[in-house]
Structures are given as C-alpha cells and as structure tokens.
Amino acid sequence: MIISRQKEFNDILKNLAENDIFIIGCGKCASKLHVGGEPEVLEMEKKLLTSKKNIVGWNVISSACNIKSWEEILSQNPAIGKAQALLVMSCGGGVSVISGCAEIQTYPALDTESLGGTCCEETVKEQCGLCGDCVTWMYGGICPVSRCAKSLLNGPCGGAIEGKCEVYDRPCGWDLIYEKLKKLKKLEYLEVFVAPKDHTRNGRRTI
Amino acid sequence: MSFRDKLLSGDFIVTAEISPPKGTDKKPLLNEAARLKGVADAINITDNQRAIMRMSPSAACSILQDNGYETIMHITCRDRNRLSLQSELLGACGMGIRNILVMTGDHPSKGDHEGAKPVYDLDSVQLLELVRKLNSGYDFSGNRLEGRTDFTAGAVSNTRLDYVSLIKLKKKIKSGASFFQTQAIFEADSLSDFIDKIDEAGPKRPKVIVGIMPLRSEKNALFLNKNIAGIKVPDKIIKRMREANDPASEGIEIAADLVRELKSLCDGVHIMPVKDHENTKKILEMAGIR
C-alpha cells in the first residue's frame, strides 16, 4: 500500500489556477487511508465550491495507477471534457499515470510518504525503502533502508535514546531488528558485513 | 612524534576537539588551536557536527597543518555519497592529513539545515572498508589510484554497548579501525566492560581514547543526560555540580580527577569541551599529564 496524506487545502488552492475542475479519487490505497475516497472527494468538492471554483464533476475510479485507457475514463466521465484541470486524490503513482494520459493540466491533492501496509486494521508506514535489492531476510523481515532513519545496513548509529530513534518519534529500527532476529534465533545474521547498496538496482535507470 | 607513532608507542595520548569556523574567518580556529599547542598530540576537527553547517573539515585541518598542528579529520556519512567521500579523502591525503575519524553523523534534522537531504550512501563500517581500499591503492570500484592514501583510521563508540552495538564495534575493528574515540564518560567505573570487549580483539586491539567533557553547571549535566545518546552523568556528579560554589571549577576538577584515574585504564583521553579550550591545559596539568 502506498501511504499518502492530504496536502494542506490552502496549498492546493494556491496552485490551482484554473476554474473548472474535475476531481478524481482513487478506490485503492487512498480510499483505505481515508485521504482520497468518496467522503474525501466530496469534502474537497465542498471546500473548492466555497473557494469559488466550479466543480464540473468527480469520480472515485477503481485504481488511479491502473487504468485501461484514457478514452475509457473519458467515456465513463464525459464531464472531464468540460474541465480545465484535474485534481487527483491519489498517490504520486496514480497522479503520474493519469497526467501521463490526460491532455489537460493535472494537480496532485496528496503527498506520497512511503510504501507501507495495513495489519490488524492499523496502518503501518515505511515498510519498504524501494532499494530494488531486498535483503529483509537478513534483518528479521524488517527493512533497514526504511525503518532506520539513516538506512544503516551494518548496525545502529548509536544515537537512539532509551530505544527511541534520534530522528523520528518511533522506536529505533535496529532495536526492532535485534528483537525479531532474537525471536527467530538468527542473531548470527547481525555479524555479516553488508556491502553498500548498488543504486542501479532501484529501477530508476529503466525509466 | 606523529599521532600514528604515538598510537604505536603505548604512550598516553591526548586529543582535543575543535569545530571549524562558521564562516571564512580563520582566527577563531587558530586561537583555539593555540590553546592546545604542546597540550594535545593531535587536534580533532569535526565534520558539520550536530549537522550544523561549518567550514569543511579537510580545509580546516589543512589550515591547522600549515600552522604546525597535527589533525584528526572527522568524516561522516551524512553529507557525501561514495564519489564525494573518496574525492574528499584523496584531497585530504594530498593536503597532508593522515588521521581520520569515521562516523555515521548526526541526522540533518538535528541541525541548522533541517530540510537537507540525508545521504548515508555508506555507513561507518562500509566507509572504514573504503578507507582500507584507498590505502591499498584502489577506489571503491576497483580502479587503481595514482598514489594511494595513507590514513590511520579511527571510529567512534559509546562505552555502554548493547548486543547490536557491540557487534557493530567488532565490525569496525575488523574493517580497520585502529583507534576508538568514545562518547564522554564521567566515571571510570563505567569503562571496564568496554575495555574488556576491546581487549577481545587480540592482536588487532585498537587503542581507546576516552571522551572527556568538562561540565559547566548542573543544568549542563542534566541537558546531556536528557539529550545526548550514550552520555550518562551519574547522580553523584550531578550532586557535586549542584552543591558547588563555583560549578565551572568543580567541572574542571571532576574532569581532572577522571583523567588521572583513566591514565592506567585506557590509552588516552579526548577533550571535548562544551564551549572552548580555555581550561583544557589546566585540566591536564591537574591530572599530572602535561
């Protein structure tokens, strides 16, 4: 799941030069996180109307990052033809897919934070650092790239105070790694020297 | 005697830490260094310490070396990727810097450029490996260098180590750290476990240079306990600071007593005052070192 949060409304409004707007929500992650589903789209419509924008229509499509064709979106949402701009309430992936197909100005309403998930109805953020070289098996399934604020691969920085990360309000990722490896009886993994990441593997070169 | 020779000699080592200027004025740097002439065997120059932007440590080290001081250049993983780390190290060696202290580095969010991109392309263990490679005449990618580096590399550590931190310490030793400069301690008792762990390294045993931070007030001690990882000012020291008529003098006395005690327990001390080196010489004289 892609973890996103809503931008401040005034920041959205500041950039939204056009008047006739069509709002697109996303039925996947953004809906589950309550940042781009139907209630949030309706709330956005209300706020934009109050700010004297003309909302020509809205729709929560099943998945903003996974569309068959723009023609299909247009045929299902003819009101887009009257819009000067789209406001997309999805992660950056969805915004990019939509704006790559649509031939009008597209604005993001969300900021994309991290790759996470949900477990026991709780949202878990920053579960994967998208390094393109997954080594979580050595770390008790805990991604050091995303769970350690400094993405350290060979052990903690020593900056945690009473188990709390020196950077973020969360436990030290390396404490979690230790506890999990201890539970799995795999503490010997901690002793392996881990070489620096090969950043050609993170996929950016294939764009 | 060079710092490297001093490490090998077994003599008690004194190092002291200076932050480079926040600007281009060299005077504060040279004035602080002058206080350490004949006092410190080498001067540590910090690398944007606490993520506060200052003059580059290689430049500050070079200025000091030109004025006759031996330096230990700090190099963190926070601000440079592997290309930049290597070119900085080649440049430092080219300018005559021979000692480096490798560390992860405080996160940018702790400093005065909070929005800066944290790099951490390498971690401190990987950087030590890289230094070893440069010392052998090759770069990270295995290309041969026109002239190898000749660094004595050290690393940092807290003296109280949990399981994972101890493993990291051992990795640093394996990756070529020949000395450790520790976080500040305030009582010698807390050191014996750490020294035992270091002794386990056998023939590769790195030298241990223990951090000394002269306290200035009770408030200063409480601040350190609350905000600085790896520091624990014991209650009895806090009490001494609270009850002292002149807390700054009390802090000097506490530091001098500790240095005197450490002479037989470790390989050296590293003085890192909160403010400046006004009292460093005095502390060492009181401890019977200089």
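Engineer: If you had to explain the overall build of chain A to someone new, which residues and values would you point to?
Structural biologist: Summing up its helical and strand segments, chain A has seven helices and seven strands in all. For chain A, the succession of helices and strands along the chain, N to C, is β-α-β-α-α-β-α-β-α-β-β-β-α-α. Its C-alpha atoms put chain A at 60 × 35 × 30 Å along the principal axes. A buried classification covers 33% of the 207 residues belonging to chain A. Within chain A, contacts between residues separated by at least 24 positions form 58% of all contacts whose residues are at least 6 apart in sequence.

Engineer: Requested: an account of the overall build of chain B, with residues and values cited.
Structural biologist: Scanning chain B from N- to C-terminus turns up eleven helices and eight strands. The C-alpha radius of gyration of chain B comes to 18 Å, within 12% of the 19 Å expected for a compact globule of 290 residues. Seen along its three principal axes, the alpha-carbon backbone of chain B occupies a region of about 60 × 45 × 40 Å. Taking the contacts inside chain B whose residues are at least 6 apart along the sequence as the reference set, 77% of them involve residues at least 24 apart.

Engineer: An account of the interface of chain B and chain A is requested, with residue identities and associated values reported.
Structural biologist: In this assembly, 22 residues from chain B lie in contact with 22 residues from chain A. Residue assignment for the side of chain B that touches chain A shows that the elements contributing at least two residues are helix 5 (124-135) and helix 6 (163-174) of chain B. Here the side of chain B that touches chain A gets six residues from one element, more than from any other, and that element is helix 6 of chain B. Looking at side-chain class alone, the side of chain B that touches chain A contains eight nonpolar, seven polar and seven charged residues.

Engineer: I'd love a proper account of the environment of B:Ala177, names of residues and values included.
Structural biologist: All names here are of chain B. With respect to the helices and strands, the residue alanine 177 is situated in the loop between helix 6 and strand 6 (179-184). For alanine 177, a count of 27 C-beta atoms within 10 Å translates into the label buried. Expressed as a C-alpha distance, the spacing of alanine 177 and asparagine 227, which sit 50 residues apart in the sequence, is 27 Å. Once residues within four sequence positions are removed from consideration, alanine 177 is found in contact with Leu128, Ala153, Gly154, Ala155, Lys172 and Pro206.

Engineer: Explain the environment of A:Leu42 residue by residue, including any values.
Structural biologist: Residue and element names in this part refer to chain A. Here leucine 42 is to be found in helix 3 (residues 38-50). The partly exposed category is assigned to leucine 42, around which 14 C-beta atoms lie within 10 Å. Between the alpha carbons of leucine 42 and glycine 25 there is a distance of 9.7 Å; along the sequence they are 17 residues apart.

Engineer: Give me the lowdown on unusual backbone geometry, citing residues and values where you can.
Structural biologist: Its identity as a non-glycine residue notwithstanding, A:Glu121 has a phi of 65 degrees, on the positive side. Position of A:Glu121 relative to the elements: it lies in the loop between strand 6 (110-119) and strand 7 (122-128). Residue class for A:Glu121 comes out exposed when judged on the 5 C-beta atoms lying within 10 Å of it. Backbone geometry places B:Ala51, a non-glycine residue, at a positive phi of 60 degrees. One can find B:Ala51 in the loop between strand 2 (42-45) and helix 3 (57-66).

Engineer: Break down the sheet that holds strand 5 (residues 105-108) of chain A for me, citing the residues and quoting the values.
Structural biologist: Residues and elements named next belong to chain A. An order of 3-2-4-5 is seen for the four strands of this open sheet, with the pairing classed as parallel. This sheet does not close on itself; its edge strands, each paired only once, are strand 3 (54-61) and strand 5. For this sheet, the mean inter-axis angle between neighbouring strands, taken without regard to orientation, is 20 degrees. In this sheet, strand 5 lies alongside strand 4 (residues 85-89) in parallel orientation, the contact comprising four bridges. Bridged to valine 88 within strand 5 is proline 108. In the packing of helix 5 (residues 92-101) onto the sheet, the strands contacted are strand 2 (20-26), strand 4 and strand 5, and the crossing angle to strand 5 comes to about 175 degrees.

About the thresholds
- Residues numbered from 1 in each chain as written.
- Chains lettered and ligands numbered in written order.
- Predicted model: local features only at pLDDT ≥ 70, side-chain atom pairs only at ≥ 80, totals over all residues.
- Helix = DSSP H or I, 4+ residues; strand = E, 2+ residues; numbered from the N terminus.
- Buried ≥ 20, exposed ≤ 12 C-beta atoms within 10 Å, placed from the backbone.
- Contact = placed C-beta atoms within 7 Å.
- Rg over C-alpha atoms; globule rule 2.2 N^0.38 Å.
- Nonpolar A, V, L, I, M, F, W, Y, C, P; charged D, E, K, R; others polar.
- Pairing = 2+ DSSP bridges.
- Axes fitted to C-alpha atoms, helices over the stretch in contact; angles between N-to-C directions.

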